[in-house]
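# Structural overview for review
Given next are the chains, with one letter for each unit.
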Amino acid sequence: LTARGRYLFWTMVTIGVLGLDTRRNQVFKVFAVVAGIFLIAYLFAQLPRPKVRLECQMPQRATALTPLPIKARVLAEQAGLPGDLCLSFPRPQEWGSSIRYAPQDIFLPPTSGGRVEASTEFQALRRGRYLLRGPTVRATDPLRLTLTREVAFPDQLLLVYPRFYSMEQFIVPAGRRYQPGGIPLASSTGDAIEFVGTREYREGDPVKNIHWRSWARRGEPVVKEYQEEYFSRIAIILDTFQSAKPRPQDTRAFEAGVSVVASIADYFSRSEYVVDILAAGPDLYEVSAGRSLAYLDNILDVL
């Protein structure tokens, strides 16, 4: 049943209950008319599924509370599309109340062309991993009460990122710690060391470091001297431990903490920092990003 069909069905049930005593009122006549309409609509629902092909680009990643447009295209396998079609976007079976489509059901008018397009707005209310059910196309009866068998689009996995905000500035305590490896471990592009000057040749220095022009000018071996560069590294620790039955305020506080971590990671992803995210709790998650190690999406996938 469509939304209109469900409304009319419960109206018919109510009328049927009120008209049980046929000797005291004539409500049963209205019930008979509505039941006859449903009987005709049921016969339309026995028609085969429409001969169409559905194309739709479902999102693979989204951000919580951020609307996302979805476009679908229905193509006829024969000349022209059949009668009224209903394009539906069903909610996932798990956490279905956290997914919203506006609108969820779209009725497509008949057209002589071989294609018709429609769009809806998708929004996830909370972060998580969802198995989105693919959209479906069904034919309807003239009154749009019932639906035939469906032409379905495959299901698809969706990752909903926590909501985060773009920060213009985030001050961290300044300090330097020795990080062995320097840039070679953090980036695969460019040189890892910086030329700072020359000095006298000492036994054991590699031949490739000889500065030939200075040797020719001074008449004695001179080698180039380098200083290794080091990257700035930031660690962000998120405590993911929660009690077995968390209170609503504890859940809201935890979700706010996840959003804060995502916002900080987004800020440092636009800088030269290497960011280590440590989510510690019943399970330990660790991911490093920055300087070609990974992208912000890797951090958001974990969060």
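Predicted model only: the values in this text are computed from it and were never measured. (Residues numbered from 1 in each chain as written. Predicted model: local features only at pLDDT ≥ 70, side-chain atom pairs only at ≥ 80, totals over all residues. Heavy atoms only, no water.)

## Quick word on the sheet that holds strand 4 (residues 85–88)
- Read from one edge to the other, the open sheet built from 4 strands follows the order 6-4-9-10, with strand pairing classed as antiparallel. The open sheet terminates on both sides in strands that have one partner only, identified here as strand 6 (105–108) and strand 10 (151–152).
- The sheet contact formed by strand 4 and strand 9 (residues 136–139) spans 4 bridges and is antiparallel. The residue of strand 9 that forms the bridge with C86 is R138. (Pairing = 2+ DSSP bridges. Helix = DSSP H or I, 4+ residues; strand = E, 2+ residues; numbered from the N terminus.)

## Regarding the pattern of salt bridges
- Evaluated as defined, the whole model comprises 12 salt bridges.
- A salt bridge links R144 to D84; the shortest N-O distance between them is 3.5 Å. A residue pair is termed long-range when its members are at least 10 positions apart, and R144 in the loop between strand 9 and strand 10 and D84 in the loop between strand 3 (68–76) and strand 4 qualify at 60 residues.
- Linking D205 and R199 is a salt bridge whose minimum nitrogen-to-oxygen distance equals 3.0 Å. By the burial criterion, D205 is buried, and R199 matches it.
- Taken together, the shared-partner salt bridges in this structure form one network comprising R53, E55, R73, R115 and E117. (Salt bridge = Lys/Arg side-chain N within 4 Å of Asp/Glu carboxyl O. Buried < 20%, exposed > 50% of the residue type's maximum accessible area, 1.4 Å probe, protein only.)

## Things to note about the side chain of T120
- Mapped onto the secondary structure, T120 falls in strand 7 (residues 115–124).
- In terms of polar contacts, T120 uses its side chain to reach the backbone carbonyl oxygen of P103, at 2.6 Å. (Polar contact = N/O pair within 3.5 Å; in protein donor to acceptor, adjacent residues only side chain to side chain.)

## What about the side chain of D141?
- Position of D141 among the secondary structure elements: in the loop between strand 9 and strand 10.
- For D141, which is buried and forms no salt bridge, the nearest opposite charge comes from R4, at a distance of 7.2 Å.
- Sequence-distant contacts of D141, that is, excluding residues within four places in its chain, are made with A41, F44 and T146. (Lys, Arg positive; Asp, Glu negative; His and termini not counted. Contact = heavy atoms within 4.5 Å.)

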